[in-house]
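Overview (structure and organization)
Chain by chain, the residues:
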Amino acid sequence: MILVLLVCGLALIALVLLGLFVFGLRRRLIQRSGGTFDCSLRWHAPGPDEAPDTSGKGWGYGVARYNGDRIEWFRVFSYAPRPRRVLERASIEVVDRRAPDGEEELALLSDAVVLGCLHRGVRLELAMSEDALTGFLAWLEAAPPGQRVNVA
């Protein structure tokens, strides 16, 4: 009986370690091509005419990766190999910028700046560090000739 419990316990520990290894491996594979940054995302965020939702609900912590004219956003706590959201540069319109407020400060990274955007008519918010924001805005403005850029 004790041997069975010991084997089950060791199998459970091995399973947990394997899960953690796969998390780390997935993150390495996402970051391998470069151009990644930590970025929280809230889809269907309140519009600029509405009061901002500072409850901290709806935010997903993730990693964003530049891929040509797209940004691919991956959830951190997921095993999925594909991005959860893909944002095309030509479809992103920046509408506002603000500091996290209320319980949002607990839900987001400590140095985060919240950027309100529209993507194909859907209101979303991205939260990233000031350095990542500078790179993101530069990437938006570096669109090829002939593409419109909407940066507030």
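My aim in this report is to walk through the structure given alongside it, one point at a time. (Residues numbered from 1 in each chain as written. Predicted model: local features only at pLDDT ≥ 70, side-chain atom pairs only at ≥ 80, totals over all residues. Heavy atoms only, no water.)

1. Things to note about the nonpolar core
One finds Phe 37, Leu 126, Met 128 and Phe 136 to be the most contacted residues of the largest nonpolar core, which totals 21 residues. Elements represented by at least two residues in this core include exactly strand E1 (36-43), strand E3 (70-75), strand E5 (92-98), strand E6 (112-119), strand E7 (122-129) and helix H3 (130-141). The biggest single contributor to this core is H3, with six residues. Setting aside residues up to four positions removed in sequence, Met 128 forms contacts with Phe 37, Asp 38, Cys 39, Asp 111, Ala 112, Val 113, Leu 133 and Phe 136. (Core = buried A, V, L, I, M, F, W, Y, C linked by side-chain atoms within 4.5 Å. Buried < 20%, exposed > 50% of the residue type's maximum accessible area, 1.4 Å probe, protein only. Helix = DSSP H or I, 4+ residues; strand = E, 2+ residues; numbered from the N terminus. Contact = heavy atoms within 4.5 Å.)

2. Digging into the sheet that holds E1
Spatially, the seven strands line up as an open sheet ordered E4-E3-E2-E1-E7-E6-E5, and their pairing is antiparallel. Each having just a single partner strand, strand E4 (85-88) and E5 make up the two edges of the open sheet. Neighbouring strand axes in the sheet, compared pairwise and without regard to direction, differ in orientation by 35° on average. The sheet contact formed by E6 and E7 spans eight bridges and is antiparallel. Bridging across to E7, Leu 118 finds its partner in Arg 123. Of the strands in this sheet, E1, strand E2 (60-67) and E3 touch helix H1 (residues 2-31), which is tilted by about 35° from E2. Sheet strands in contact with H3 are E1, E2, E3, E5, E6 and E7, and its direction is about 130° off that of E7. (Pairing = 2+ DSSP bridges. Axes fitted to C-alpha atoms, helices over the stretch in contact; angles between N-to-C directions.)

3. Looking at the pairing of E2
Where E1 meets E2, six bridges bridge the pair, whose relative direction is antiparallel. Looking at the pairing, Thr 36 lines up with Arg 65 of E2. Taking the residues between adjacent antiparallel strands as the criterion, E2 and E3 are bridged by two residues, where Gly 68 takes a positive phi near 65°.

4. A look at the packing of aromatic side chains
Between two aromatic rings, the relevant description is the distance of the centres plus the angle of the planes. If you walk through the whole model with that rule in mind, you get five aromatic pairs. Where Phe 23 meets Phe 77, the ring centres are 6.4 Å apart and the plane angle is 85°; that geometry is what we call edge-to-face. Of the two residues, Phe 23 sits in helix H1 while Phe 77 sits in the loop between E3 and E4, which places them 54 residues apart along the sequence. For Phe 23, a relative accessible area of 26% translates into the label partly exposed. Ring centres 5.4 Å apart and planes at 45° place the aromatic pair Tyr 66 and Trp 139 in the tilted group. Here Tyr 66 is found in strand E2, whereas its partner Trp 139 is found in helix H3, with 73 residues between them in sequence. For Tyr 66, a relative accessible area of 23% translates into the label partly exposed. For Trp 139, a relative accessible area of 12% puts it in the buried group. Linked through ring pairs, Phe 37, Tyr 66, Phe 136 and Trp 139 together constitute an aromatic cluster. Over the ring of Trp 43 we find Arg 85; its NZ or CZ atom is 4.1 Å from the centre of that ring. (Phe/Tyr/Trp six-rings, centres within 6.5 Å; stacked < 30°, edge-to-face > 60°. Lys NZ or Arg CZ within 6 Å of the ring centre and 35° of its normal.)

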